[in-house]
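Residues per chain are reported as follows:
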Amino acid sequence: MIDLRSDTVTTPDDAMREAAGDAEVGDDVYGEDPTVNELEARAADLVGMEDALYVPTGTMGNQIAVRTHTDRGQEILVERESHVIKWELGGLAQLSNLQVRTLDGGARGIPTPEQVRDGFVEEDLHRPGTGLLSLENSHNSKGGVAISPEKIDAAAEAAHDDGVPVHLDGARVCNAAVAHDVSPARMVENVDSVMFCLSKGLGAPVGSMVAGSEEFIARARRVRKLFGGGMRQAGVIAAPGLLALENVERLADDHDNARTLAERLAEIEGLDVQDPETNIVLVNTEGADLTADGFLDACEDAGVLGTPFDTHVARFCTHWDVDHEDVVAAAERVGEAVES
Ligand SMILES: *Cc1c(COP(=O)(O)O)cnc(C)c1O
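Calculation notes
Residues numbered from 1 in each chain as written. Predicted model: local features only at pLDDT ≥ 70, side-chain atom pairs only at ≥ 80, totals over all residues. Heavy atoms only, no water. Core = buried A, V, L, I, M, F, W, Y, C linked by side-chain atoms within 4.5 Å. Buried < 20%, exposed > 50% of the residue type's maximum accessible area, 1.4 Å probe, protein only. Contact = heavy atoms within 4.5 Å. Helix = DSSP H or I, 4+ residues; strand = E, 2+ residues; numbered from the N terminus. Pairing = 2+ DSSP bridges. Axes fitted to C-alpha atoms, helices over the stretch in contact; angles between N-to-C directions. Salt bridge = Lys/Arg side-chain N within 4 Å of Asp/Glu carboxyl O.

(A) Region of the structure containing the nonpolar core. In this structure, Y54, L133, V188 and L198 are the most contacted members of the largest nonpolar core, which totals 49 residues. Residues in contact with L198, not counting those within four places in the same chain, are L39, Y54, G203, A204, G207, S208, M209, G241, A244 and L245. Within the second largest apolar cluster, 24 residues are counted, among which are A262, F295, V322 and A331.

Structure (structure tokens):
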């Protein structure tokens, strides 16, 4: 089976398993786990922020950041297809008591500065006030689109002009940075906080990072405890995370493989394939008279796994457990499945 459902399906290699076994540990709630402390320092360096916090998942990281930035009853500005409202169980309402105002970021999922300005609500006797702008890069639902640092800057500056802080859901921000040939730090230069996943293309078995100012992370640490994310001898899982931080450049291989996969899939009659910018390939199946579910069932029978994204859209995701030969083979099998 060639598993292209997500870049989260990778399993840790021998080096990561050894690092886990050898990790020096302590109680991280007391701040005494040296491996977690090192991971937080190095993750902060990678994104050019003062401090970082190790969290179990990307979802928890986003929700911690949102809660830390906002007050109950405020509005949050989010792109309408963003992960924080689509795939996080309404956590913005459930965990932070926010009212959501969505912006349509178009084909690339990035609101313009004008949209941000128009979406801003000034607090007064009748209006709740805008507490946060949340952006996403790469944009998952739009097909792993890598938004340029300038576009992120422009949206962030518009929010800052109104005194609104900016969070970036950067689950795959390293993919976006590699695609634009800039450092992850440049990507997040003008936002106030970023969440990024160690457990996706970077290959760690568990964990994500939230980064921001020292003052912000000190407050986020209390919210992590509140949300039940204070872990004890977490060095065991943080040690593979340290190795994951070395895998940023490797993401270029995933992007190459995604391009190869997309080119081959585009040759199949009836499939409309979006040009990938990172490691995500979106395939529209309507021309083959198939729903995404029907298409993926046929793919599975042929030995390839993907994820349904919309009625007629399926997602394939490349990662470090698949190589060039695998994606070539995957496209062949998909071709047989669709044409049979
Ligand atoms: C995967 C993902 C998350 C959440 O990460 P989990 O570790 O699965 O909770 C958040 N945002 C985006 C854009 C993602 O792709």
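That was the structure; now back to the text.
(B) Spatial organisation of the pairing of strand β3 (residues 75-79). By the criterion of burial, β3 is predominantly enclosed, with five of the five residues buried. Covered by surrounding structure in β3 are E75, L77 and E79 together with I76 and V78, the residues of both alternating faces. Here five bridges tie β3 to strand β4 (residues 99-103), and the two strands are oriented parallel to one another. Counterpart to E79 in the pairing with β4 is L103. Relative to strand β5 (residues 130-136), β3 is paired through four bridges, and the arrangement is parallel.

(C) Structural view of the sheet that holds strand β6 (residues 166-169). Overall, mixed pairing links the seven strands, which are arranged β2-β8-β7-β6-β5-β3-β4 in an open sheet. Both outer strands of the open sheet, β2 (51-55) and β4, are each paired with one neighbouring strand and no more. Averaged over all adjacent pairs, the angle separating strand axes in this sheet is 20 degrees, with direction ignored. In this structure, strand β7 (residues 193-197) lies alongside strand β8 (residues 208-212), joined through four bridges in antiparallel fashion. Looking at β8, one finds that M195 is bridged to V210.

(D) Region of interest: the pattern of salt bridges. As enumerated under the stated definition, the model contains 16 salt bridges in all. Here E246 ties to R42 by a salt bridge, and the two come within 2.6 Å at their closest N and O atoms. On the criterion of sequence distance, the pair formed by E246 in the loop between α11 (235-244) and α12 (251-266) and R42 in helix α2 (residues 34-47) is long-range, its members being 204 residues apart. We classify E246 as exposed; its relative accessible area is 55%. Measuring nitrogen to oxygen at the nearest pair gives 2.7 Å for the salt bridge that ties R108 to E277. With R108 in the loop between β4 and α6 (113-119) and E277 in the loop between β9 (272-273) and β10 (280-284), this pair connects stretches of sequence that are 169 residues apart. According to the relative accessible area criterion, R108 is partly exposed, its value standing at 35%. Take E277: its relative accessible area is 27%, and that puts it in the partly exposed class.

(E) Inspection of the sheet that holds β10 at higher detail. Pairing is antiparallel across the open sheet formed by four strands, whose spatial order is β9-β10-β13-β12. What marks the edges here is a single partner per strand, and that holds for β9 and β12 (307-310). Where β9 and β10 come together, two bridges link them in antiparallel fashion. Bridging from a neighbouring strand, V273 pairs with V283 of β10.

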